[in-house]
Amino acid sequence: DTGVSQDPRHKITKRGQNVTFRCDPISEHNRLYWYRQTLGQGPEFLTYFQNEAQLEKSRLLSDRFSAERPKGSFSTLEIQRTEQGDSAMYLCASSPPSIRETQYFGPGTRLLVL
Amino acid sequence: AQRVTQPEKLLSVFKGAPVELKCNYSYSGSPELFWYVQYSRQRLQLLLRHISRESIKGFTADLNKGETSFHLKKPFAQEEDSAMYYCALSETNRDDKIIFGKGTRLHILP
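> Help me understand the pairing of strand S4 (residues 31-37) of chain A, please; the structure alone is not making it clear to me.
Along a regular strand, successive side chains alternate from one face of the sheet to the other. Residues and elements named next belong to chain A. Of all seven residues making up S4, seven are buried, and the element is well covered by its neighbours. Residues of S4 alternate between two faces, with Arg31, Tyr33, Tyr35 and Gln37 on one and Leu32, Trp34 and Arg36 on the opposite face, all of them buried. Where S4 lies against strand S5 (residues 44-50), six bridges are found, and the strand directions are antiparallel. When the sheet's bridge partners are listed, Arg36 is paired in S5 with Glu44. Between S4 and S5, which pair antiparallel in sequence order, lie six residues; one of them, Gly40, sits at a positive phi of approximately 80°.

Okay, structure coming up:
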């Protein structure tokens, strides 16, 4: 499967713990996006990378959230001191370099904070 | 502020009947509009975008700037159309965020 992959697919953690998710984009896609989706809602934009540069961050991305893409390939999203409100599906997407290219989504990581 | 509204959470339609999923948007400029679909146990995928003006799986959507709408239509529903449909927009010539509506679950009745 050459699509966007995410790991883990499911994560259960206790409140206060830190969690880290990984996203591997389609190779040669230089743009990478993170979204969060809660029950009954559409995906909400969190942040966007072009190569290794983080170009935009949503206000949804509190200080407890940090995302990196150190070599312009895979990306990680870390949530520190998790709260029950962080429970959601975290989606990653990637797109090729050209303007107006389609974003291709990964399967998501479902986080449950107890 | 940019916003996408899908007024129906659930739409049930008999097989062979016409389908229309409603979408209205709020944006001061000229956005790019999309419909994304998520079939059961599959990832979110692009169904169509208004700049392509193409018909995918029998679905079409016309951008009506006067009514700020981008309704998704299909003349004859098929059982395999059952899925979650999201209307979405992005700013013209930008490649960052996509703003999604809350989605409409389409249920095709046999």
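We are not done yet, so read on.
> Could you clarify how one ought to interpret the pattern of salt bridges in this entry?
Between side chains of opposite charge, a pair can form when the charged atoms approach closely. All names here are of chain A. Inspection of the entire model under this criterion finds nine salt bridges over all chains. Asp86 is paired through a salt bridge with Arg64; the nearest N and O atoms lie 2.8 Å apart. Here the residue Asp86 occupies a position in the loop between strand S8 (75-79) and strand S9 (88-95), and Arg64 occupies one in the loop between strand S6 (53-57) and strand S7 (65-68), the gap between them amounting to 22 residues. We classify Arg64 as buried; its relative accessible area is 11%.

> Would you mind showing me how to read the state of the cysteines here?
Put plainly, a disulfide is one covalent bond tying together the sulfur atoms of two cysteines. Enumeration according to the criterion identifies two disulfides over all chains in this entry. Here A:Cys23 pairs with A:Cys92 through a disulfide, and the sulfurs are 1.8 Å apart. Taking the sign of the S-S torsion, about -70° here, the bridge from A:Cys23 to A:Cys92 comes out left-handed. One end of the pair, A:Cys23, is in strand S3 (residues 19-24); the other, A:Cys92, is in strand S9, with 69 residues separating them in the sequence. The pair A:Cys23 / A:Cys92 is uniform in exposure class, with both members buried. There is a disulfide in this structure between B:Cys23 and B:Cys87, and the S-S distance comes to 1.9 Å. Negative torsions about the S-S bond denote left-handed disulfides, and the value of about -65° found for B:Cys23 with B:Cys87 makes this one left-handed. Of this pair, B:Cys23 sits in the loop between strand S3 (19-21) and strand S4 (24-26) while B:Cys87 sits in strand S9 (residues 83-91), and the two are 64 residues apart along the sequence.

Each value, and the rule that gives it
Residues numbered from 1 in each chain as written. Chains lettered and ligands numbered in written order. Predicted model: local features only at pLDDT ≥ 70, side-chain atom pairs only at ≥ 80, totals over all residues. Heavy atoms only, no water. Buried < 20%, exposed > 50% of the residue type's maximum accessible area, 1.4 Å probe, protein only. Helix = DSSP H or I, 4+ residues; strand = E, 2+ residues; numbered from the N terminus. Pairing = 2+ DSSP bridges. Salt bridge = Lys/Arg side-chain N within 4 Å of Asp/Glu carboxyl O. Disulfide = S-S within 2.5 Å.

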